[in-house]
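The chain contents come next:
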Amino acid sequence: MAARDQVPPPPAEHAIDLPQAPAAALRALGAAAEEWGADFAPAVTGAAGGELRLPVVAGLRRGLLSGPVAVAPAGRGSRLVFRPVAQDYYLETSVVMLLSMAAAGALLTVAWPLFPRLLPVAPLGAVLAVGGWFLVLSRLRGQGPEEFLASVASHAGAAPGNPGSDDTSSPAAAPTAVAAPATRATPAKGG
């Protein structure tokens, strides 16, 4: 089979089960989208769902994922599914410049034994290398569809990844928290 005849793989699917009805799940989706600075356009045909343009952060890259969101009844709650079909990422050039300066500083720090005339500037190289670490690498993070869906769950009053509690009296009952076991203090030894 030729490469042009192959069907592209289906887009990734990100889903979460919520204990609320689809209308409440859509309200939670809208609140989370507003909090994230995302664009959510509800479907005009009356179907539960719409189009979502979600800003994401992936290490040194920032971007935008776009795709349909569907909310369907599932058991006593609803299932929210986001299928990103378009992605647009860009590299943060200011961060790349800082990392380049940090790499030059690290190179300077390790090269001075081979080139003794670099010894007076070796501490500057160490400061640049460590500064690059603290300014950029130590703060790398990722915010994508999974974190967004966890935010939707928190707006809906459910624990992320948990379809609901064992309490069947109300379909919108939020899961209860479990207390951690208490720690016992060790008595101080007297002298």
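Quick summary incoming for the structure in this document. (Residues numbered from 1 in each chain as written. Predicted model: local features only at pLDDT ≥ 70, side-chain atom pairs only at ≥ 80, totals over all residues. Heavy atoms only, no water.)

Thoughts on helix H1 (residues 22-36)
So, point 1. Here H1 contains 15 residues, and its C-alpha end-to-end distance of 21 Å stays within 8% of the 21 Å for a straight helix at 1.5 Å per residue.
So, point 2. Listed in full, the buried residues belonging to H1 are Pro22, Ala25, Ala28, Leu29, Ala32, Ala33 and Trp36. In a view along the axis of H1, the buried residues occupy a sector of 135°, so they form one face of it. Exposed and facing more than 90 degrees away from the buried side of H1 are Arg27, Glu34 and Glu35. (Helix = DSSP H or I, 4+ residues; strand = E, 2+ residues; numbered from the N terminus. Expected span 1.5 Å × (residues − 1). Buried < 20%, exposed > 50% of the residue type's maximum accessible area, 1.4 Å probe, protein only. Arc of directions from axis to C-beta.)

Description of the nonpolar core
So, point 1. Among the nonpolar cores identified, the biggest contains 23 residues, and Leu52, Leu54, Leu80, Phe148 and Val152 are the most heavily contacted of them.
So, point 2. Looking at this core, the elements that each hand over two or more residues are strand E1 (14-18), H1, strand E3 (49-58), strand E4 (61-74), strand E5 (77-82) and helix H4 (145-156).
So, point 3. With 6 residues, H1 is the single largest residue contributor to this core.
So, point 4. Not counting chain neighbours up to four residues away, the residues in contact with Leu54 comprise Trp36, Ala38, Gly63, Leu64, Leu65, Phe82, Gly144, Pro145 and Phe148. (Core = buried A, V, L, I, M, F, W, Y, C linked by side-chain atoms within 4.5 Å. Contact = heavy atoms within 4.5 Å.)

Some thoughts on the packing of helix H2 (residues 93-111) against helix H3 (residues 122-135)
So, point 1. Two elements in contact, H2 and H3, have axes separated by 7 Å at closest approach and are oriented at 140°. Where H2 crosses over H3, the handedness of that crossing is left-handed. Counting all contacts with H2, which are made through Leu98, Leu99, Met101, Ala102, Gly105, Ala106, Leu108 and Thr109, the residues of H3 involved are Ala122, Gly125, Ala126, Leu128, Ala129, Gly132 and Leu135.
So, point 2. Of the residues in the contact of H2 with H3, the class split is 11 nonpolar, 4 polar and no charged. (Axes fitted to C-alpha atoms, helices over the stretch in contact; angles between N-to-C directions. Left-handed = near helix turned anticlockwise from the far one by under 90°. Nonpolar A, V, L, I, M, F, W, Y, C, P; charged D, E, K, R; others polar.)

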